[in-house]
Amino acid sequence: MTSPQPRSKISLKSVNDELPEYTVRVSDRAKCVRLSISVEDGLEVVIPVNYDHKKIPEIVQKKRAWIVRNQLKLAQREAFLQSQAPHELPDRLNLRSLGEEWHIEYQQIATKSRAITIQESKAQLQLTVKGDINDVEACKFFLKQWLIQKADRHFSECLHNISHRAKLPYRAMTVRSQKTLWGSCSRDRNISLNYKLLFLEAAVVEYVLLHELCHTVHMNHSDKFWNLVSKFEPNYKILDKSLNQAWKLVPAWLDLQAL
Ligand SMILES: [Zn+2]
């Protein structure tokens with residue numbers, strides 16, 4: 001009679017060998033396989049058209065250490081946000097990029113439409129949120145819209161100036177709400193910027209804008225790309241590194257919003 005291996009050992013091994021769960025996305029822009037991890041989509045394998053799907057498990061297997069490391073990073077970030085998130089409405093917004101700290105007041109007003117309005121007093125840097133302020137989610141939603149508009153105005157101007165100075169033209173700019181991306185640049189030279197950059201220091205924001213503008217020339221992070229960045233911002237390494245922790249400056253209630 002052969003003695004079978006202890007069951008526990010077998011099952012442990014099979015758990016370890018199991019590939020992490022992932023989804024596959026075919027992209028007509030992708031030139032090679034790319035892995036990405038985000039809160040929204042989990043682990044995603046982006047493959048070029050006509051790519052042999054059979055090769056995917058092996059790639060995921062090879063990248064296992066990277067995947068585990070990044071999944072852990074994401075989990076730690078979520079835990080931090082949960083621990084920081086206030087359950088009540090915010091009373092201030094520190095827009096470091098503008099050097100403006102806005103105070104927020106709330107006024108309960110009965111309205112038929114349950115609409116929320118935001119009144120802005122620029123001289124005092126004060127926002128007054130009026131309406132059914134017991135509807136916390138609605139208040140947050142409108143505050144976020146106010147921030148997006150603010151980001152749109154401010155970043156349009158900044159990007160225009162930096163583009164002009166560096167002689168790096170772009171096609172259009174949009175402000176978006178991304179969970180893990182500060183900015184991106186498409187092949188058509190359209191630049192997307194995260195409105196949460198408003199909460200970062202001005203020097204870091206300028207670096208992000210410059211970084212995306214340099215992608216209009218090099219769509220990668222090659223040496224050529226970094227040489228171009230360093231031409232305009234010799235301090236780019238420190239600034240780029242600071243982005244890893246910069247999300248801590250963004251109020252947790254914004255990141256946890258399902259808006
Ligand atoms: Zn980049």
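Reading the values: rules and limits
Residues numbered from 1 in each chain as written. Predicted model: local features only at pLDDT ≥ 70, side-chain atom pairs only at ≥ 80, totals over all residues. Heavy atoms only, no water. Phe/Tyr/Trp six-rings, centres within 6.5 Å; stacked < 30°, edge-to-face > 60°. Buried < 20%, exposed > 50% of the residue type's maximum accessible area, 1.4 Å probe, protein only. Lys NZ or Arg CZ within 6 Å of the ring centre and 35° of its normal. Helix = DSSP H or I, 4+ residues; strand = E, 2+ residues; numbered from the N terminus. Arc of directions from axis to C-beta. Contact = heavy atoms within 4.5 Å. pLDDT = per-residue confidence, 0-100. Axes fitted to C-alpha atoms, helices over the stretch in contact; angles between N-to-C directions. Parallel < 35°, antiparallel > 145°, perpendicular 65-115°, else oblique. Left-handed = near helix turned anticlockwise from the far one by under 90°.

**Concerning the packing of aromatic side chains**
Each aromatic ring pair is summarised here by two numbers: the centre-to-centre distance and the angle between the ring planes.
Working step 1: Taken as a whole and assessed by the stated rule, the structure comprises four aromatic pairs.
Working step 2: Pairing F141 with F142 gives two aromatic rings, centres 5.3 Å apart and planes at 90°, and the pair type is edge-to-face.
Working step 3: With a relative accessible area of 33%, F141 lands in the partly exposed category.
Working step 4: Through a chain of ring-to-ring contacts, three or more aromatic side chains come together here, namely F225, W226 and Y236.
Working step 5: Across from the ring centre of Y51, 5.4 Å away, lies the NZ or CZ of K55, which sits over that ring.

**With respect to unusual backbone geometry**
Working step 1: Positive phi outside glycine occurs at N50, with the angle close to 70°.
Working step 2: Turning to its location among the elements, N50 is positioned in the loop between β3 (42–48) and α2 (56–62).
Working step 3: The exposed category is assigned to N50, whose relative accessible area is 79%.
Working step 4: If you check the backbone angles, K167 has positive phi at about 55° while not being a glycine.
Working step 5: Examined against the element boundaries, K167 turns out to sit in the loop between α4 (136–166) and β8 (172–176).

**Details of helix α6 (residues 223–232)**
Working step 1: Along α6, the positions that sit buried rather than exposed are F225, W226, L228 and V229. All buried residues of α6 fall inside an arc of 155° around its axis, so they share one side. With respect to the buried face of α6, the exposed residues turned more than 90 degrees away are D223, K224, N227 and K231.
Working step 2: Buried residues belonging to α6 abut α5 (202–214) and α7 (236–246).

**Re the confidence of the model for the chain**
Working step 1: Here the chain averages 87 in pLDDT, and 90% of its residues register 70 or above.
Working step 2: When the criterion is pLDDT under 50, residues 1–15 qualifies, and its contacts beyond four places in sequence or with other chains add up to one contact.

**Description of the packing of α4 against α5**
Working step 1: In contact at an axis separation of 10 Å, α4 and α5 are set at 60° when each is read in the N-to-C sense. For the element pair α4 / α5, the angle class is oblique. Crossing of α4 against α5: the hand is right-handed. The segment α4 lies against α5, with F155, C158, L159, I162, S163 and R165 engaging V205, E206, L209, L210 and L213.

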